[in-house]
Amino acid sequence: MANSIIQNQTYLTFMKAKHILSYFFLLFFVIILSSCKTDKPSPLEPIYDFTKTMIDDSAMVVTAHPIASLAGYDILRQGGNAIDAAIAVQFSLAVCYPIAGNIGGGGFMVYRSSDGTIDALDYREMAPAASTSDMYLDQNGNAIAEKSQNGALAVGVPGTPAGMYEAFQKYSKLKDWKALLAPAIHSAENGFRLTFRQAGLLNKNKTKFDKYNTDPVVFNSKNWKGGDLLIQPELATTLKAIANEGPTGFYGGKVADQIVNQMKKSGGIITHEDLKNYQAIWRTPITTNYRDHKIISMPPPSSGGIALAQILGMVENFNLAEMDYHSAEHIHVVVEAERRAYADRATHLGDSDFYNVPIASLINKDYLKSRMADFNPEKASVSDSIIAGQMKESLQTTHYSIVDQEGNAVSMTTTLNGGYGSKLVVAEGGFLLNNEMDDFSAKPGTPNMFGLIGAEANKIEPGKRMLSSMTPTIVEKDGQLLLVCGTPGGSTIITSVYQTVSNVIDYGMTATEAVQSPRFHHQWLPDKLILEEVGFDSLVINALADKGHKVMKRGKIGKVEAVRFLSNGNLEGAADIRADDDVKGF
Ligand code: GLY
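Note that the coordinates shown come from a computational prediction; the quantities given were computed from them, not determined experimentally.

What follows is about the overall build of the chain. Scanning the chain from N- to C-terminus turns up 19 helices and 21 strands. With the C-alpha coordinates aligned to their principal axes, the bounding extent of the chain is approximately 95 × 60 × 50 Å. Out of the 586 residues in the chain, the part that is buried amounts to 60%. Accessible surface for the chain amounts to roughly 22,700 Å². Of this, 55% is attributable to carbon and sulfur atoms. Charge-centre separation for the chain: the mean point of 54 positive side chains lies 5 Å from the mean point of 63 negative side chains.

With that settled, consider the site of the ligand. Neighbouring residues of the ligand: Arg 124, Asn 417, Glu 436, Asp 439, Phe 450, Ser 468, Ser 469 and Met 470. Glu 436 is positioned with one of its side-chain polar atoms (N or O) 2.7 Å from a nitrogen atom of the ligand. Here Ser 469 contributes a backbone N or O atom positioned 2.7 Å from an oxygen atom of the ligand. Coverage of the ligand by the protein amounts to 99% of the 200 Å² it exposes when considered alone.

With that settled, consider the confidence of the model for the chain. On average, residues of the chain score 92 in pLDDT, and 90% of them are at 70 or above. Across residues 1–41, where pLDDT falls below 50, the model places ten contacts with residues more than four positions away in sequence or in other chains. Counting contacts from residues 386–393, a segment whose pLDDT is below 50, to residues more than four positions away or on other chains yields 25 contacts.

Ordered by their spatial adjacency, seven strands build an open sheet running β7-β4-β3-β11-β10-β2-β21, and the pairing between neighbours is antiparallel. Because the sheet does not close on itself, it has two edges, and the strands there are β7 (281–283) and β21 (582–585). Each neighbouring strand pair of the sheet contributes to a mean axis angle of 15 degrees, computed without reference to strand direction. As defined by bridge partners, strand β4 (residues 118–123) adjoins β7 across three bridges and the pair is classed as antiparallel. In the strand pairing of β7, Asp 122 is matched with Ile 281. Packed on one face of the sheet, helix α5 (residues 160–171) meets β3 (106–112), β4, β7 and β11 (409–415) and runs near 155 degrees to β4.

This part is about the environment of Ala 427. Note on placement: Ala 427 falls in the loop between β12 (425–426) and β13 (431–432). Distance in space between the C-alpha atoms of Ala 427 and Asp 404 is 37 Å, their sequence separation being 23 residues. Look past the residues within four positions of Ala 427 in its chain and what remains in contact with it is Asp 215, Glu 234 and Gln 262.

It is worth spelling out the pairing of strand β10 (residues 398–403) at this point. The buried fraction of β10 is high, at six of six residues. Going residue by residue along β10, you find Thr 398, Tyr 400 and Ile 402 tucked away on one face and His 399, Ser 401 and Val 403 tucked away on the opposite face as well. In this structure, strand β2 (residues 60–63) lies alongside β10, joined through three bridges in antiparallel fashion. Looking across to β10, one finds that Val 61 is bridged to Ile 402. Relative to β11, β10 runs antiparallel, the two being bridged by six bridges. By the bridge assignment, Ser 401 is partnered in β11 with Ser 411. Where β10 hands over to β11, the hairpin turn is made up of five residues, of which Gly 407 adopts a positive phi near 95 degrees.

All right, on to the packing of helix α2 (residues 66–77) against helix α3 (residues 82–96) then. Running from N to C, α2 and α3 point in directions that differ by 150 degrees, and their axes come no closer than 8 Å. The angle between α2 and α3 places the two elements in the roughly antiparallel class. Read as a crossing pair, α2 and α3 show a hand that is right-handed. Residues Ile 67, Ala 68, Ala 71, Gly 72, Ile 75 and Leu 76 of α2 touch α3, and the partners they reach there are Ala 82, Asp 84, Ala 85, Ala 88, Val 89, Ser 92, Leu 93 and Cys 96.

What counts as what
Residues numbered from 1 in each chain as written. Predicted model: local features only at pLDDT ≥ 70, side-chain atom pairs only at ≥ 80, totals over all residues. Heavy atoms only, no water. Helix = DSSP H or I, 4+ residues; strand = E, 2+ residues; numbered from the N terminus. Buried < 20%, exposed > 50% of the residue type's maximum accessible area, 1.4 Å probe, protein only. Areas by Shrake-Rupley, 256 points an atom, 1.4 Å probe, with all protein chains shown as cover. Lys, Arg positive; Asp, Glu negative; His and termini not counted. Charge placed at Lys NZ, Arg CZ, Asp CG, Glu CD. Near = heavy atom within 4 Å. Polar contact = N/O pair within 3.5 Å; in protein donor to acceptor, adjacent residues only side chain to side chain. pLDDT = per-residue confidence, 0-100. Contact = heavy atoms within 4.5 Å. Pairing = 2+ DSSP bridges. Axes fitted to C-alpha atoms, helices over the stretch in contact; angles between N-to-C directions. Parallel < 35°, antiparallel > 145°, perpendicular 65-115°, else oblique. Left-handed = near helix turned anticlockwise from the far one by under 90°.

What follows is the structure, encoded as structure tokens:
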């Protein structure tokens, strides 16, 4: 017994010594490691802290990337307002989120000031002067998707630098343009760490970067890993030109020369004249009421606001709150409204500066009620066309939602269209160009990359803006801000925004619950009901199939960023768990 105690004590002393030795060894190892300068984080350290939900009392910024959220947060801390933060986020995303953030693309902003003034900014890309309605058709009149989706001919005249400057001139509080570009320039010059997801996506697109760029470009320069630093010196120089000269630093001078040279080299048609003529446009937001809430969203050239108002208006005639959430009954009603809204979109929507879009009629409540007159609770309607495009998964495009300390709100969606746009980089300028021309209807009835169908209203014309689905949205209740939201996702944007709004209004969800809930989508054609892979009950799926819905599953739909104003005056920020999205607030 005594022997065993001694043995135990000896063992314990040995273990203690071993433990202390190991401790010192570990400490030594950590000191050596931390003194070694490496451009990679330890595989044990997360690259970023992604915050998906938070509540605080002053301000919120929710974006697709922690670096961009930080850029907006810093500008708010410096005394900037939501517009200042939004501009900083846009330029930051152009650096740290190249798949959709951009200076070579465009977007839309919906704004609501703390006093209730609302506004909408259209900085959508524009068809070059030399474009024609048949520019993507072959000799037999068939649309060639490759031409409208990749390379120089797919590029619309970028709107982002002009849009940001418009917003700055009208609403900036900080009144320091250079300060708004500073975070982006810093990230471009010094680099930022790629997330694992970003590294994978860059590698996945390597062959496309190789194919559409003859000059060396930074994006395909190596096999990327999570944690790698992406440094973009050419982009930093371009951003400095915009910082120093405003939009002229992009639409004129050296950068304009670089764009036009790249066009000539790669077979594009954008000229100096096109760049000089580009203007961002202030528009009147689409507004509608939904169960005592005011919905404020984007007018044409986006279809988003009208289609959202249509779905809400059709669904308003049904008491969703009495239906179980995501029951077959609930999904069936919503899908039938979506089907009808997307059918209207295909025929009636386009750039209202070129085509007379019957906005008031389309969102008229009586019209929307009549649209659901043939609704059958037992049976799915049939989208009566034989032309059905295959909808591709697309999360490209990006959205951010911001509320500042004064209660001003910005809902902003921006895009290059497909992931990395046309894949063509203006080599000397270090930035990607969009492939937004694919959002036009290349041929009536022929689906674009999102399977969306268009007609005369959205045909290509010089100087016209292509129809969009982007749906930056703000919701008011009793004259107070309630919700700011939006998402990427091509044609699924409208239905994802609809579900977020309805989740909050009809089902009393928090922003976090509304954003993280599973989503579904129907867009008339192709006649398919798409459900996210995870989160739907198999009994519900069978019941939907029994009603005649052609149910399909897909990985993820949308990436919603939302801010909700709480009744105690606090703000709730919610960043989608589906990717690297992040909320910062204070
Ligand atoms: N490029 C996607 C959209 O504007 O809808």
